[in-house]
Structure formats: C-alpha cells, structure tokens
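Each chain, written out:
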Amino acid sequence: MRTLPRAGALSAVAVAALLAAPSAHATPPGDNGTVKIHDASTGEELRRNEPHVCTFYLDAFGFDSVQEVDWHIEAWAPTAGVKGETVKSGEITLDGEGHGRTEDLSLPDGHYKLFWNFDGEKGSAKHKVFWTDCEDSDDGNPGDGTATPSASASASTSPSASASQPAGAAGTPSASSSPSAQGTGGDLAETGSGAPVGLLGGVAAALVAAGGYLVFRRRKAS
C-alpha cells in the first residue's frame with residue numbers, strides 16, 4: 001500500500017524536472033549580446049562591424065530583454081591628443097529582444113574606442129576600436145567630376161564675359177561716334193552750311209561796295 005504513494009511522488013518529481021529542463025537550457029541573464037559600429041547608411045540588420053566610418057551609430061543585438069546600457073567613446077592612440085579622454089557618451093535601453101541602436105553620431109577624423117557597460121557584464125566592458133574619416137569622402141567628390149564641370153563652366157564663362165566686354169567697349173565708341181556725327185550734321189544744317197554762309201558774304205560785299213560808291217560820289221560832287 002505504501003509503494004503506490006511513493007511511486008506517485010517519484011512521478012511528480014520526474015514531471016517537475018522535465019518541465020524545468022527547458023528553462024535550464026535557456027540563456028540565463030547576464031553577459032550576452034554584442035555591439036557593432038555601423039555607418040549611418042548601413043541597415044541595423046547587418047551584424048558585421050564597420051571600423052572605418054564617417055557618420056555612424058552603435059548597433060546592439062542579442063542582449064537581455066530591456067537591457068539598460070551606459071556607453072562612452074574615448075579618443076585613442078595614435079590620433080588622441082589625450083589618451084582616455086571621453087569625447088562622447090550616452091545611455092540606451094534595448095527592446096524586448098535585446099536589440100537597439102543609438103542615434104547617428106559624428107566625431108572629428110581620428111581613432112576612437114567604444115566602451116559598452118551594462119549590468120551583469122563579466123570582467124570589463126564590451127568595446128570596439130574604430131576610425132572616423134570623413135575627409136576621404138569629401139576628397140572623393142572632386143574625383144567624381146562634380147566640381148570639375150562647375151570650374152570649367154566658370155572658366156568658360158569668364159573668358160566669354162571678358163571677350164564680350166572688349167566687344168561692347170569697342171562697340172560703344174562706334175555707337176557714340178555715329179550719333180555724334182549725325183548730330184554734327186544736324187547742327188550744320190540748322191546753323192547753315194557752306195552755301196548760306198557764302199550768300200551772306202556776298203550780300204555784305206555788295207553793301208560795302210554800295211557804301212564805297214556813295215562815298216566816292218560825295219567826294220566827287222564836292
């Protein structure tokens with residue numbers, strides 16, 4: 001009679017052990033997940049680190065649900081003026097799947113190291129070393145030929161402007177000389193040409209001759 005209760009108790013323990021087995025194999029909370037440096041144009045689904053970026057963000061996945069993280073970035077050799085100087089920091093709470101991303105970030109061109117701190121980490125913080133290099137992307141624009149056409153356009157514009165300027169300058173005196181010539185002709189027509197002047201001269205000569213004749217007659221009569 002006692003064997004039956006004992007057998008039932010053993011069965012209950014076995015069932016409880018089987019039910020607890022899946023939870024034992026589940027990932028326990030703690031130091032899980034990883035964080036990557038991603039270019040701002042890279043999608044969050046990429047799980048590969050990108051150590052050379054311009055504008056970037058921090059992409060975390062595989063952490064505990066609703067994990068709270070404090071992070072900071074330090075200037076790093078060989079470009080660091082002061083090694084270990086914190087140049088940017090922040091905090092983020094990951095989603096229910098342990099995933100999250102920061103806003104887009106930017107730093108002057110140089111070498112940096114990310115430190116990713118959270119509760120349950122083992123040893124030191126997770127970290128990533130990376131470079132920011134926006135100068136190369138700026139230098140690449142002229143190589144695309146975008147700046148060259150504008151330069152050539154400005155160069156082609158300036159010679160044409162300088163060429164048209166002398167033409168305009170040459171044309172201006174010619175235009176001004178032609179109206180002045182026409183204006184001079186009009187002035188001569190109004191004041192009298194060579195023919196009216198000669199006529200007036202003839203009349204004056206006739207008057208002088210008549211006056212001389214009258215004087216001569218008076219002298220002769222006396």
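The structure displayed is predicted, hence computed values, not measured ones.

S.K.: When you look at the environment of Gly110 in this model, what are you seeing that I'm missing?
M.R.: Secondary-structure assignment places Gly110 in strand β7 (residues 110-118). Gly110 gets classed as buried once you look at its relative accessible area, which sits at 5%. Once the C-alpha coordinates of Gly110 and Cys134 are considered, the two residues, 24 residues apart in sequence, prove to be 9.6 Å apart. With residues near it in sequence (within four places) discarded, Gly110 still touches Thr79, Phe130, Trp131 and Thr132.

S.K.: What exactly am I supposed to notice about the packing of aromatic side chains here?
M.R.: Centre distance and the angle of the planes are the two values used to describe a pair of aromatic rings. In this structure the tally under the stated criterion is five aromatic pairs. When the centroid spacing of 5.3 Å and the interplanar angle of 80° are considered together, the rings of Phe63 and Phe118 count as edge-to-face. With Phe63 in the loop between β3 (56-61) and β4 (68-75) and Phe118 in strand β7, the pair connects residues that are 55 residues apart, well separated along the chain. On the basis of relative accessibility, which here comes to 5%, the residue Phe63 falls in the buried class. Since its relative accessible area comes to 5%, Phe118 is described here as buried. Through pairs of rings, three or more aromatic residues link up here, namely Phe56, Tyr112 and Phe130. The residue whose ring lies beneath Lys83 is Trp76, and the NZ or CZ to ring-centre distance is 4.9 Å. Taking the ring centre of Tyr57 as reference, the NZ or CZ of Arg101 above it sits at 3.7 Å.

S.K.: Whenever I open this one, the state of the cysteines confuses me. Can you help?
M.R.: A covalent bond between the sulfur atoms of two cysteines is referred to as a disulfide. All told, the structure shown has one disulfide when counted by the stated rule. The disulfide that involves Cys54 links it to Cys134, with 1.9 Å between the sulfurs. For the disulfide bridge between Cys54 and Cys134, the dihedral angle about the S-S bond is near 110°, and by the sign convention the bridge is right-handed. On the criterion of sequence distance, the pair formed by Cys54 in the loop between β2 (52-53) and β3 and Cys134 in the loop between β8 (126-132) and α2 (135-143) is long-range, its members being 80 residues apart. Using a relative accessible area of 21% as the deciding quantity, one classes Cys54 as partly exposed. Residue class for Cys134 comes out buried when judged on its relative accessible area of 17%.

S.K.: How do you make sense of the sheet that holds strand β5 (residues 86-93) when you look at a structure like this?
M.R.: Hydrogen bonds along the backbone pair up the strands of a sheet, which may run parallel or antiparallel. If you walk across this open sheet you meet the five strands as β2-β8-β7-β4-β5, and the pairing is mixed. Each edge of the open sheet is held by one strand with a lone partner, namely β2 and β5. Pairing of β4 with β5, which is carried by seven bridges, proceeds in the antiparallel orientation. Bridge pairing in β5 places Glu74 opposite Thr86.

S.K.: Sorry if this is basic, but what is going on with the pattern of salt bridges here?
M.R.: Tallied over the full model, the rule gives two salt bridges. Each of Glu44, Arg101 and Asp104 takes part in a single network of salt bridges with overlapping partners.

S.K.: Is there a simple way to explain the confidence of the model for the protein in this structure?
M.R.: For any part of a model where pLDDT is low, the fine detail of the predicted coordinates should not be relied upon. Per-chain confidence: the protein averages 71 in pLDDT, with 51% of residues scoring 70 or above. Low confidence marks residues 18-25, where pLDDT is under 50. Its contacts with residues over four positions away, or in another chain, come to zero contacts. Confidence drops under pLDDT 50 across residues 139-195; counting only partners more than four residues distant or on other chains, this segment forms six contacts.

S.K.: Is there a simple way to think about the pairing of β7 in this case?
M.R.: Working note: regular strand, side chains alternate between the two faces of the sheet. Within β7, eight of the nine residues are buried, which leaves it mostly tucked inside the rest of the structure. Of the strand pairs in this sheet, β4 and β7 are connected by seven bridges, and their pairing is antiparallel. Across the sheet, Trp71 pairs through a bridge with Trp116, a residue of β7. Judged from the seven bridges that link them, β7 and β8 form a sheet pairing that is antiparallel. By the bridge assignment for β8, Gly110 is matched with Thr132.

Rules and cut-offs
Residues numbered from 1 in each chain as written. Predicted model: local features only at pLDDT ≥ 70, side-chain atom pairs only at ≥ 80, totals over all residues. Heavy atoms only, no water. Helix = DSSP H or I, 4+ residues; strand = E, 2+ residues; numbered from the N terminus. Buried < 20%, exposed > 50% of the residue type's maximum accessible area, 1.4 Å probe, protein only. Contact = heavy atoms within 4.5 Å. Phe/Tyr/Trp six-rings, centres within 6.5 Å; stacked < 30°, edge-to-face > 60°. Lys NZ or Arg CZ within 6 Å of the ring centre and 35° of its normal. Disulfide = S-S within 2.5 Å. Pairing = 2+ DSSP bridges. Salt bridge = Lys/Arg side-chain N within 4 Å of Asp/Glu carboxyl O. pLDDT = per-residue confidence, 0-100.

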